[in-house]
Amino acid sequence: MSVILPISALILLFTFGIPVAFCIFIATLSYFLINDHLPMMMLVQRLAGGLESVTLLAIPFFVMAGVFMNHSGISERLLKFSEVLTGHMNGGLAQVNVVLSTLMGGLSGSNIADAAMSSKLLVPQMVARGYSASFSSAVTAASSLITPIIPPGIALIIYGYVNNVSIGKLFLAGVVPGVMLCLMMMTLVSVISKKRNYAPIREKRASASEIALSAKDAFLALLLPVIIIGGIRFGVFTPTEAGAAAVLYALVLGMFVYKKMNSKLLWDATKESVLASANVLLIICVAVGFSKFLTWERVPQDLATWLTGAVESPFTFLILVNIFLLIIGMFLEGNAVMIVLAPLLAPVAQSYGIDPVHFGIIFIFNSAIGTITPPLGTVMFTTCSITKVLIEDFVKEIMPFWLLLIAALLMITYIPVISIGLPNLVFG
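About the cut-offs
- Residues numbered from 1 in each chain as written.
- Predicted model: local features only at pLDDT ≥ 70, side-chain atom pairs only at ≥ 80, totals over all residues.
- Heavy atoms only, no water.
- Helix = DSSP H or I, 4+ residues; strand = E, 2+ residues; numbered from the N terminus.
- Rg over C-alpha atoms; globule rule 2.2 N^0.38 Å.
- Buried < 20%, exposed > 50% of the residue type's maximum accessible area, 1.4 Å probe, protein only.
- Contact = heavy atoms within 4.5 Å.
- Salt bridge = Lys/Arg side-chain N within 4 Å of Asp/Glu carboxyl O.
- Expected span 1.5 Å × (residues − 1).
- Polar contact = N/O pair within 3.5 Å; in protein donor to acceptor, adjacent residues only side chain to side chain.
- Axes fitted to C-alpha atoms, helices over the stretch in contact; angles between N-to-C directions.
- Parallel < 35°, antiparallel > 145°, perpendicular 65-115°, else oblique.
- Nonpolar A, V, L, I, M, F, W, Y, C, P; charged D, E, K, R; others polar.
- Bend = angle between axes of the 7 residues up to and from the residue.
- Phe/Tyr/Trp six-rings, centres within 6.5 Å; stacked < 30°, edge-to-face > 60°.
- Lys NZ or Arg CZ within 6 Å of the ring centre and 35° of its normal.
- pLDDT = per-residue confidence, 0-100.
- Patch = residues over 30% accessible without salt bridge, like charges linked within 9 Å, V, L, I, M, F, W, Y side chains within 5 Å.
- Areas by Shrake-Rupley, 256 points an atom, 1.4 Å probe, with all protein chains shown as cover.

Peer 1: Tell me about the overall build of the protein chain, residues and numbers included.
Peer 2: From N to C terminus, the protein chain includes 22 helices and zero strands. Its C-alpha atoms give the protein chain a radius of gyration of 22 Å, near enough to 22 Å, the size a compact globule of 428 residues would have. Each principal axis of the C-alpha atoms in the protein chain carries an extent, and together these give about 70 × 45 × 45 Å. Put simply, the protein chain has 428 residues, and 54% of those count as buried.

Right under this line is the structure:
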C-alpha cells in the first residue's frame, strides 16, 4: 500500500504542470518519507546510481554532435541536398522539410532539437512562398518524429540502457521504419500540396549531375551515420565511443573543413549542449530512483502477472499497450514515459514472445506521437512557440499527419520484419 501515495502524488503534480523531473523526484521522496526504515542516504545513492553508466555518456556526446552540426554548416549542406532531391515535387519546400528531418535524424538525435531547428530555418521560408504558417508548423512537427527512431536517436540509447537491449540492434532497427515514415509523409504532403496549389521550388527534376554535385557537397555530413553504425557493428567502438567520435567528427568539419565554426560559436554550442543534456539526464536520474521503489513493491511483477492472466494473445497485448501509451503520451514527455514505463512493460512483452528490439521501436515511436498531441505535446509547444501559431490552428493541420502516424504505428507493430529484419540480417 505504500506505493499508492507516491503514485498519487506523481499524478497530482502532473496535473498542476510541474516539470516532469521534479514530479518524479517528489514522488520518490514521498516513498522514502513514509517508509522511515529506509535511510535518506539510500535515496541519494539510488539517484546518483541512475547515472553511473558508461552507456549514458552517449547521450551528451550525441547531443553535442548534433548542436555542433547546426553551427558548422552541415545543416545548410543537407538542406541544399534535400532541395535538389525534392524541389520539383508538389509542395517542394514542404518535401524538403520532411527529407531534411530524415537526414538530420541521424545527426541531431532529438526530435525537439530537429523541430526547433526546422521551425527557425524552414518555416519562415515556407510562409514567404505562400504556405500557411499552421501547415508549415504541422509538417515541421510531424516530420521531426522520424528523428527518434533514426540512428543515433537519443531515445534508442535510453531505451537500450533502461531495458538492457542491444543499442547497436536498436540503431539498425530504426532505419527501415524511419525511411518508411519519410516516404509516407512525402506522399501525404504531395496530396495536400496539390489540393492547395503549393508550387514546387524547382521547375523541373534535378539532373544526375546536379544531384551528384550536391551529394558531393553533403557527402561528409551524410557519411556520419554510416561511420557510427558501421563502427558499432564491426566492433571498432561502442555506442558511447561512437558518440565521442561524432563530436570530434563534427568539430573537425566545422572548424577545419567547412571553417564555419569559430571559438565564440564553439563556446555557445557547448553551453547549448550542456543545458540540453542536463535536461535529459536529470529525468533519467530521478526516474531510475522512481523505478527502483516500484520494483521493491513488486509493481512490475504484479502487472506482468495480471496482464498475462487477463490477456491471452500478444496481438491483444500490443493493442492495449499502444492505446495506453498514446493516452499517456498526451500528458507526459516521451523520455519520461519511456524511463518509467518501459521497464514495467518490456518484461511483459518478452513473456508473450515479442522481440525486445521490436518492442523497443514500437514503444519509442508511440511515445514520439504523444509529443505532437494535445494537451501537453512537447514538440507541439516547441514548434508553435517559435512559429507563433495558435495551438487550435496547429491541431487542425496536424490531424492528417496524426492519422498517418497511427497507420505507421500499426504497421510497425504488426509487421515485425519492418523493424527487426535489418538487425537480424546484419547481426544474425
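Peer 1: Tell me what's going on with the side chain of S101, and back it up with residues and numbers.
Peer 2: Here S101 lies in helix α6 (residues 92-108). The exposure class assigned to S101 is buried, which follows from its relative accessible area of 0%. Setting aside chain neighbours within four positions, we find S101 in contact with D114, S118, S143, S144 and T147.

Peer 1: Got a sec to walk through the pattern of salt bridges? Specific residues and values, please.
Peer 2: Evaluated as defined, the whole model comprises three salt bridges. The partner of R77 in a salt bridge is D217, and the shortest N-O contact between them spans 3.6 Å. Separated by 140 residues along the polypeptide, R77 in helix α5 (residues 74-86) and D217 in helix α13 (residues 208-233) bring together distant segments of the chain. Residue D268 is joined to K264 by a salt bridge in which the shortest nitrogen-to-oxygen separation is 3.0 Å. Highlighted residues: D268 and K264, both in helix α15 (residues 263-296), separated by four residues, approximately one helical turn. Given the relative accessible area of 25%, D268 is considered partly exposed.

Peer 1: Break down α15 for me, with residues and values.
Peer 2: Between its first and last C-alpha, α15 extends 49 Å over 34 residues, near the 50 Å set by a 1.5 Å rise per residue. Between the side-chain oxygen at the start of α15 and the backbone nitrogen of K264 there is a gap of 3.2 Å, and the oxygen is on N262. Positive backbone phi, at 60°, marks R298, one or two positions downstream of α15.

Peer 1: Describe in detail the packing of helix α4 (residues 58-71) against helix α10 (residues 154-163), supporting the description with residues and values.
Peer 2: For any two helices packed against each other, one specifies the inter-axial angle together with the distance between the axes. Between α4 and α10, the shortest axis-to-axis distance is 10 Å and the interhelical angle comes to 175°. Classified by the angle between their axes, α4 and α10 sit roughly antiparallel to one another. Contacts between α4 and α10 involve A58, I59, F62 and V63 on the former and, on the latter, I154, I157 and I158. Residue classes in the contact of α4 with α10 are distributed as seven nonpolar, no polar and no charged.

Peer 1: Tell me about the side chain of N322, residues and numbers included.
Peer 2: Take N322: it is sitting in helix α17 (residues 314-329). The exposure class of N322 is buried, given its relative accessible area of 4%. Reaching out from N322, the side chain makes a polar contact with the side chain of T413 at a distance of 3.1 Å. In contact with N322, not counting residues within four places along its chain, are I362, N366, L409 and T413.

Peer 1: I'd like a rundown of α13, residues and numbers included.
Peer 2: Spanning 26 residues, α13 covers only 32 Å between terminal C-alpha atoms, well under the ideal 38 Å at 1.5 Å per step. Along α13, the helix axis deviates most sharply at F219, where the bend reaches about 60°. Three or more residues of α13 are buried, namely S214, A218, A221, L224, P225, I228, I229, G231 and I232. One or two positions beyond α13, positive phi appears at G235, with a value near 75°.

Peer 1: For the packing of aromatic side chains, give the residues involved together with the corresponding values.
Peer 2: The relative placement of two aromatic rings is captured by the distance of their centres and the angle of their planes. One pass over the structure, following the stated rule, counts 10 aromatic pairs. With a centroid separation of 5.9 Å and 85° between ring planes, the pair formed by Y31 and F32 is classed as edge-to-face. The two residues Y31 and F32 agree in class, both being buried. Here the aromatic rings of F135 and F401 are separated by 6.4 Å at their centres, their planes lie at 45°, and the arrangement is tilted. Of the two residues, F135 is situated in helix α9 (residues 133-143) and F401 in helix α21 (residues 391-414); the sequence distance between them amounts to 266 residues. F401 shares its class with F135; the two are buried. Three or more aromatic residues joined by ring pairs make a cluster, and in this case those are Y159, F317, Y352, F359 and F363. The ring of Y258 is capped by R77, whose NZ or CZ atom sits 3.6 Å from the centre of that ring.

Peer 1: Describe the confidence of the model for the protein chain, and please don't skip the residues or the numbers.
Peer 2: Low-pLDDT portions of the prediction should not be read for the details of their coordinates. Confidence in the prediction for the protein chain averages 83 pLDDT; 95% of positions are at 70 or higher. The element-level mean pLDDT for the protein chain is lowest in helix α16 (residues 299-310), coming to 70, with α21 highest at 95.

Peer 1: So what about a nonpolar patch on the surface? Which residues, and what values?
Peer 2: A contiguous nonpolar patch, built from L12, F16, I18, F22 and I26 and spanning about 500 Å² of accessible area, is present on the exposed surface. When you line up the elements, F22 lands in helix α2 (residues 20-34).

Peer 1: Provide a residue-level description of the environment of L13, including the pertinent values.
Peer 2: Here L13 is to be found in helix α1 (residues 4-15). For L13, a relative accessible area of 17% translates into the label buried. Sequence separation between L13 and G334 is 321 residues; the distance between their C-alpha atoms is 17 Å. Discounting residues that sit within four places of it in the chain, L13 has contacts with I18, C23 and I26.

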